[in-house]
Amino acid sequence: HSDRPPSLAESMASELDSYVDRIVNVITNDGRNIVGVLKGYDQCINIILEDCHERVFSPDAGVEQVVLGLYIIRGDNVAIIGEVEEDQDIEINYSEVTGEVLKPVVH
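None of these values were measured; they are calculated from a predicted model.

To continue, consider the overall build of the protein. Secondary structure assignment for the protein yields 2 helices and 5 strands. Each helix and strand of the protein, placed in order from N terminus to C terminus, yields the pattern α-β-β-β-β-β-α. Within the protein, the fraction of its 107 residues that count as buried is 30%. Across the protein, contacts joining residues at least 24 apart in sequence account for 54% of those joining residues at least 6 apart. Summed over its atoms, the accessible surface of the protein is roughly 7200 Å², and 52% of this surface lies on carbon and sulfur atoms.

As structure tokens, then:
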């Protein structure tokens, strides 16, 4: 056991425990919007999503939902992870939602 404080990645990984087996929305560093059930993760924030799909936004048309199934996202490509409020999410008609494509994160 070490007396050093936990690293940022270790702190983030421990916070993900409450999201396991829940629907989450992941925004990646390259601007993708992926929604699925968080099945697992590791100390590097590599995450496994089940029953997932990508929401592809466009300024001209409704959101395209591309089925991905079981999906792994490398931790170094994760920008944001948040829990989806299912009861609110189901009420949104994504075929009528338009929006600008997210720009990639620049470090």
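Let us look at the packing of aromatic side chains. On inspection of all chains with the given rule, the structure shows 0 aromatic pairs. It is Arg-55 that lies over the ring of Tyr-94; its NZ or CZ is 4.0 Å from the centre.

All right, on to a negative patch on the surface then. A cluster of like negative charges, contributed by Glu-85, Glu-86, Asp-87 and Glu-91, occupies part of the molecular surface. Residue position: Glu-91 is located in the segment after helix H2 (86–89).

Positive phi, close to 70°, is recorded for Asp-21, a residue that is not glycine. Backbone geometry places Ile-45, a non-glycine residue, at a positive phi of 65°. With respect to the secondary-structure elements, Ile-45 resides in the loop between strand S2 (33–41) and strand S3 (47–56). Taking the relative accessible area as the measure of exposure, Ile-45 reaches 5% and is therefore buried.

Analysis parameters
Residues numbered from 1 in each chain as written. Predicted model: local features only at pLDDT ≥ 70, side-chain atom pairs only at ≥ 80, totals over all residues. Heavy atoms only, no water. Helix = DSSP H or I, 4+ residues; strand = E, 2+ residues; numbered from the N terminus. Buried < 20%, exposed > 50% of the residue type's maximum accessible area, 1.4 Å probe, protein only. Contact = heavy atoms within 4.5 Å. Areas by Shrake-Rupley, 256 points an atom, 1.4 Å probe, with all protein chains shown as cover. Phe/Tyr/Trp six-rings, centres within 6.5 Å; stacked < 30°, edge-to-face > 60°. Lys NZ or Arg CZ within 6 Å of the ring centre and 35° of its normal. Patch = residues over 30% accessible without salt bridge, like charges linked within 9 Å, V, L, I, M, F, W, Y side chains within 5 Å. Salt bridge = Lys/Arg side-chain N within 4 Å of Asp/Glu carboxyl O. Lys, Arg positive; Asp, Glu negative; His and termini not counted. Charge placed at Lys NZ, Arg CZ, Asp CG, Glu CD.

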